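Breakdown of the fold
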Amino acid sequence: MTILAEVLAANDQYVADFGDKGRLALPPARRFAILTCMDARLDPAKYAGLSEGDAHVIRNAGGRASDDAIRSLVISHKLLGTLEWFVIHHTDCGMELFCDEVMADLLDDSLETAAFDGTAWSNPKHGGGCTAGHFVKWLTIASQEESVYQDVKRVREHPLVPKYIPIYGFIYDVKSGKLIEVPKATEAGRA
Ligand SMILES: [Zn+2]
């Protein structure tokens, strides 16, 4: 089965078991939001105990507090009433494996998927690249504790974010599934 067929088959099953979820309200019932990484090993619904309709989950590479993530958080509170936010990065994140220059150089050479040998990235094929990657800030991560702290702080200090929203900083451990608090971050995010 192709991925497309697999997804559509899974959706047929989901629809069959959908129950009364069509009656859920638009605003999240438990009034909180999570900003986390897109990593395929992370399932926020499971690691944070969410059902459909419970909370907002905003995901991007690294779970970083990018301008667009902050846009979503501001909408989450201002229009949809969330009152507590979590920033959750994780161990063994892919964003720790490169820096802006490496990414820009790889893209400059080729747009096809690069290979990682455990130490360095390289392009299996060359040609057809693009220089535009040199103009992007990729929001890579050198230290998870530091990135969680920086992101909580950035959200906290944003002029469109009210002071009464607590922002908690955590690292999800991909080996155990445990959420580990980053006290410095939570402190920075205190309401
Ligand atoms: Zn990640």
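Residues numbered from 1 in each chain as written. Predicted model: local features only at pLDDT ≥ 70, side-chain atom pairs only at ≥ 80, totals over all residues. Heavy atoms only, no water.

A word on the sheet that holds strand S3 (residues 84–90)
If you walk across this open sheet you meet the five strands as S2-S1-S3-S6-S7, and the pairing is mixed. Where the open sheet ends on each side, the last strands, each with one partner, are strand S2 (56–60) and strand S7 (179–181). For this sheet, the mean inter-axis angle between neighbouring strands, taken without regard to orientation, is 25 degrees. Sheet topology note: the strand S1 (residues 32–37)/S2 ladder contains five bridges and is parallel. (Pairing = 2+ DSSP bridges. Helix = DSSP H or I, 4+ residues; strand = E, 2+ residues; numbered from the N terminus. Axes fitted to C-alpha atoms, helices over the stretch in contact; angles between N-to-C directions.)

Quick notes on the coordination of the zinc ion
Around the zinc ion, the protein supplies Cys37 (SG), His90 (NE2) and Cys93 (SG) as donor atoms, at distances of 2.0 to 2.3 Å. All donors to the zinc ion come from one chain, and their sequence spacing reads C-x52-H-x2-C. With Cys37 in strand S1 and Cys93 in the loop between S3 and helix H4 (100–109), this residue pair connects regions lying 56 residues apart in the sequence. The buried category is assigned to Cys37, whose relative accessible area is 5%. For Cys93, a relative accessible area of 2% gives the class buried. (Donors = N, O, S within 2.8 Å, 3.2 Å for Na, K, Ca; no water. Buried < 20%, exposed > 50% of the residue type's maximum accessible area, 1.4 Å probe, protein only.)

Description of the side chain of His56
Tracing the backbone shows His56 in strand S2. Polar contacts involving the side chain of His56 include one to the side chain of Ser76, which spans 2.7 Å. Not counting chain neighbours up to four residues away, the residues in contact with His56 comprise Pro28, Phe32, Ala33, Ile34, Ser76, Leu80 and Thr82. (Polar contact = N/O pair within 3.5 Å; in protein donor to acceptor, adjacent residues only side chain to side chain. Contact = heavy atoms within 4.5 Å.)

A few points about unusual backbone geometry
Here Asp92, not a glycine, exhibits a phi torsion of approximately 55 degrees, which is positive. One can find Asp92 in the loop between S3 and H4. Judged by its relative accessible area of 47%, Asp92 is partly exposed. Positive phi outside glycine occurs at Leu139, with the angle close to 55 degrees. In this fold, Leu139 is placed in the loop between strand S5 (121–122) and helix H5 (144–157). Take Leu139: its relative accessible area is 27%, and that puts it in the partly exposed class.

With respect to the domain arrangement of the protein chain
Often, the extent of an interface is quoted as the loss of accessible area on bringing the components together. In terms of domain boundaries, the protein chain breaks down into domain 1 (26–96 + 139–191) and domain 2 (99–137). The centre of domain 1, based on its C-alpha atoms, is set 28 Å off from the matching centre of domain 2. (Domains from an automatic or database assignment.)

Observations regarding the pattern of salt bridges
Opposite charge on two side chains permits them to pair, given that their charged atoms come into close proximity. Tallied over the entire structure, the rule returns twelve salt bridges. Ionic pairing is found between Asp20 and Arg23, a salt bridge with its closest N-O pair at 3.9 Å. Given the relative accessible area of 70%, Arg23 is considered exposed. A salt bridge links Asp39 to Arg41; its shortest N-O distance comes to 2.8 Å. Look at Asp39 and you get buried, because its relative accessible area is 15%. A relative accessible area of 42% means that Arg41 is categorised as partly exposed. (Salt bridge = Lys/Arg side-chain N within 4 Å of Asp/Glu carboxyl O.)

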